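# A look at the structure
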Amino acid sequence: MNERIPLMSRPVPVIVVILLALLLDQAVKFAVEMWLPFQEAVHVVPMLALYRTYNYGVAFSMLSGMEGWFIVTLRLFVVGFVVWLWRQTPKARGFAHAGYAFIIAGAFGNLIDRALFGYVIDYVLFYTETWSFAVFNLADTFITIGAGLVILDELLLLRRAKR
């Protein structure tokens, strides 16, 4: 029986999604750099502000004391690992393939920042009166969505295996 290959399990749509996500991420970061004041909260709605800052590390500023070449190498390793996972994952698992595409797009979006500026541009802040979440960006959101899609795919696979 010939099984239909999901759209996001095909190379061309994956490459298009990655390029569009990269373009959107870089366009938003350009606008943030042009018009958003540095380290000044611009409140959008309760508990959400735009707050431009620079991240010299990786997620949540971890490893911010490390050399730039180490962080670039680490990110390239992660992208290489995700590409390897994508190639190892059966084509029928479209959610996982979509997730890998988003992870790769987000990683490259932040890698471009690191290569161009030596830091990543972050600008989204969730907060309350007594707490605030780490400032993040669209590329980080892509990575999170991608991880969520991979987890969803694994859960669906487990559910199908129980039947």
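What comes next is a walk through the structure. Note that the coordinates shown come from a computational prediction; the quantities given were computed from them, not determined experimentally.

Let us now look at the environment of Leu111. As for its placement among the helices and strands, Leu111 is situated in helix 3 (residues 94-117). Judged by relative accessible area, Leu111 falls into the buried class, the value being 10%. Sequence separation between Leu111 and Ala139 is 28 residues; the distance between their C-alpha atoms is 9.7 Å.

Phi angles above zero are rare outside glycine, and Gln39 is one such case at about 50 degrees. Relative to the helices and strands, Gln39 resides in the loop between helix 1 (11-35) and strand 1 (42-45). By relative accessible area, Gln39 is classed as partly exposed at 41%. Its identity as a non-glycine residue notwithstanding, Met47 has a phi of 75 degrees, on the positive side. Within the secondary structure layout, Met47 lies in the loop between strand 1 and strand 2 (48-55).

Note that an α-helix has 3.6 residues per turn; residues three or four places apart therefore point the same way. Taking 1.5 Å per residue as the helical rise, helix 4 (residues 138-162) with its 25 residues ought to reach 36 Å, and the 36 Å between its terminal C-alpha atoms agrees with that figure. All buried positions along helix 4 are accounted for by Leu138, Ala139, Phe142, Gly146, Leu149, Val150 and Asp153. Those residues of helix 4 that are buried lie in contact with helix 1, helix 3 and strand 3 (120-126). At the N-terminal end of helix 4, a side-chain oxygen is found 2.9 Å from the backbone nitrogen of Ala139, two or three residues along, and the residue is Asn137.

For the structure on display, the rule yields nine aromatic pairs. Between Phe117 and Tyr119, the ring centres sit 5.7 Å apart and the planes meet at 20 degrees, which makes this aromatic pair stacked. Through pairs of rings, three or more aromatic residues link up here, namely Phe38, Tyr54, Tyr56, Phe117 and Tyr119.

Let us look at the side chain of Asn110. Among the structural elements, Asn110 can be located in helix 3. Residue Asn110 is classed as buried on the basis of its relative accessible area of 5%.

This part covers the sheet that holds strand 1. Strand order in this open sheet of three strands is 1-2-3, and the pairing throughout is antiparallel. Only two strands of the sheet have a single neighbouring strand rather than two, namely strand 1 and strand 3. Between one strand axis and the next, the sheet turns by 35 degrees as a mean value, whatever way the strands run. Here six bridges tie strand 2 to strand 3, and the two strands are oriented antiparallel to one another. What sits directly across from Asn55, in strand 3, is Val120. Most of the contacts of helix 1 go to strand 3, to which it runs at about 80 degrees, and overall it touches strand 2 and strand 3.

The rules behind each value
Throughout this document, residue positions are counted from 1 along each chain, in the order its sequence is written. pLDDT decides what is reported in this predicted model: residues at 70 or higher carry local features, side-chain atom pairs at 80 or more are listed and counted, and totals for whole chains, interfaces and linings draw on all residues regardless. Only heavy atoms go into the side-chain values, all of them from the structure, while hydrogens and water stay out. Each helix corresponds to a stretch of at least 4 residues labelled H or I by DSSP, and each strand to a stretch of at least 2 residues labelled E; elements are numbered beginning at the N terminus. Here the term buried applies to any residue with accessible area under 20% of the maximum for its type, exposed to any over 50%, and partly exposed to those in between, with areas from a 1.4 Å probe on protein chains only. A helix is expected to span 1.5 Å multiplied by its residue count minus one. Any pair of residues with heavy atoms lying within 4.5 Å of one another is described as a contacting pair. Two N or O atoms count as a polar contact when they lie within 3.5 Å, although within protein this holds only if one can serve as hydrogen donor and the other as acceptor, and sequence-adjacent residues are included solely when both atoms are side-chain atoms. In summary, the pairing rule links any two rings of Phe, Tyr or Trp, Trp by its six-membered ring, whose centres are within 6.5 Å, and it sorts them by plane angle into stacked for under 30 degrees, edge-to-face for over 60 and tilted for everything else. Strand pairing is defined by DSSP finding a minimum of two bridges between the two strands. Structural elements are reduced to axes, namely lines fitted to C-alpha atoms, with helices fitted over the stretch in contact, and the angle between N-to-C directions of any two is expressed from 0 to 180 degrees.

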